[in-house]
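Understanding the architecture of this molecule
Residue-level listing of the chains:
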Amino acid sequence: MDCIHLTGIRGYGYTGYLPEEQVLGQWFEVDVRLWLDISTAAKTDAIEDTLDYRSVISLTQHLIKTSKFVLVEKLVTTIADSILQECDRVTKVQVTLSKPAAPIPDFGGKISIELTKSKSNL
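Every value quoted in this text rests on a predicted model; they were computed, and no experiment measured them.

So, about the pairing of strand S3 (residues 92–99). Buried residues dominate S3, accounting for 7 of its 8 residues. Across 7 bridges, the pairing between strand S2 (residues 26–36) and S3 is antiparallel. Across the sheet, the residue bridging to Val32 is Val95, located in S3. Bridge count between S3 and strand S4 (residues 111–118): 8 bridges; the pairing is antiparallel. Its bridge partner lying in S4, Thr96 is registered against Glu114.

What follows is the structure in structure tokens.
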């Protein structure tokens, strides 16, 4: 199976456990791997024979901006499920959601959650 990688999708959102995360918001970064068959598109050179990944980027940014969950586990699952539901050609998706500036004292790293789902898991 073929794979398309989309990295560095950024969005400002209001998901977080702490009250200030839900009021002030923060930046999120998402990387997505999409498994699908690209063999027809490779022959025809036509975008209608593949996935227009702009739609996945737009969907992901929209979900980051409009969702307001307590846990990032809920947000990453919502993104993965939405991609699988909206994109007929995608059979499997891996979503890595990162908080590059988590509001944790004396912590300069980032927190990431990775989730892999297939259409059969919906």
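That covers the picture; the talk isn't over yet.
This brings us to the pattern of salt bridges. Inspection of the entire model under this criterion finds 4 salt bridges. Note that Asp81 is salt-bridged to Lys117, the shortest N-O span being 2.6 Å. Of this pair, Asp81 sits in helix H4 (residues 72–86) while Lys117 sits in strand S4, and the two are 36 residues apart along the sequence. The same class applies to Asp81 as to Lys117, namely buried.

Roughly 160 Å³ of volume is contained in the largest pocket. Taken together, 13 residues line the largest pocket, and the ones lying closest to its centre are Tyr17, Glu21, Val70, Val72 and Lys99. Within the residue set of the lining of the largest pocket, elements represented by two or more residues are H4 and S4. Split by residue class, the lining of the largest pocket holds 9 nonpolar, 1 polar and 3 charged.

Under the UniProt annotation, "domain: Dihydroneopterin aldolase/epimerase" (unreviewed entry) lies at residues 4–117. The span residues 4–117 carries 35% helix and 32% strand; its end-to-end C-alpha distance comes to 15 Å.

We now examine the nonpolar core. Counting residues in hydrophobic clusters, the biggest one holds 27 residues, and the most contacted among them are Val32, Leu34, Ile79, Ile83 and Val93. Listing elements by their share of this core, those giving two or more residues are strand S1 (2–13), S2, helix H3 (54–66), H4, S3 and S4. The element that contributes the greatest number of residues to this core is H4, accounting for 7 residues. Other than its neighbours up to four places away in sequence, Leu34 contacts Asp2, Cys3, Ile4, Leu6, Leu51, Val56, Ile83, Val90, Lys92 and Val93.

Turning next to H4. Compared with the 21 Å implied by 1.5 Å per residue over 15 residues, the 21 Å span of H4 between its first and last C-alpha is a close match. Among the residues making up H4, those that are buried are Val72, Leu75, Val76, Thr78, Ile79, Ala80, Asp81, Ser82, Ile83 and Leu84.

Rules behind the numbers
Residue positions within a chain follow its written sequence, with the count starting from 1. Only residues with pLDDT of 70 or above have their local features reported here, since the model is predicted, and side-chain atom pairs are shown and tallied only from 80 upward, although totals for entire chains, interfaces and linings are computed over all residues. Excluded from the side-chain calculations are hydrogens and water; all other atoms, namely the structure's heavy atoms, are used. Exposed residues in this analysis have more than 50% of their type's maximum accessible area, buried residues have under 20%, and partly exposed residues fall in between, with area computed by a 1.4 Å probe over protein chains only. To qualify as a helix, a DSSP run of H or I must reach at least 4 residues; to qualify as a strand, a run of E must reach at least 2; elements of each kind are numbered from the N terminus. Here, strands pair whenever DSSP counts at least two bridges between them. Between Lys or Arg on one side and Asp or Glu on the other, a salt bridge is scored when a side-chain nitrogen of the former is within 4 Å of a carboxyl oxygen of the latter. Both cavities and pockets are sets of points on a 1 Å grid over the protein atoms alone; in a cavity a 1.4 Å probe fits but cannot get out, in a pocket the set is open with protein on both sides within 12 Å along at least five of seven lines, and lining residues sit with an atom within 4 Å of a point. Grid points are joined across faces, edges and corners, and a volume is the space filled by probe spheres set on the points. Residues were grouped as follows: Ala, Val, Leu, Ile, Met, Phe, Trp, Tyr, Cys and Pro as nonpolar; Asp, Glu, Lys and Arg as charged; and all remaining residues, including Gly, as polar. UniProt positions are given in the numbering used here, feature names are shortened, and annotations may be inferred rather than shown by experiment. What makes a nonpolar core is a set of buried Ala, Val, Leu, Ile, Met, Phe, Trp, Tyr and Cys residues whose side-chain atoms join them at distances within 4.5 Å. Whether two residues touch is decided by their heavy atoms; if any such pair falls within 4.5 Å, the residues are in contact. Expected span, for any helix, means 1.5 Å times one less than how many residues it has.

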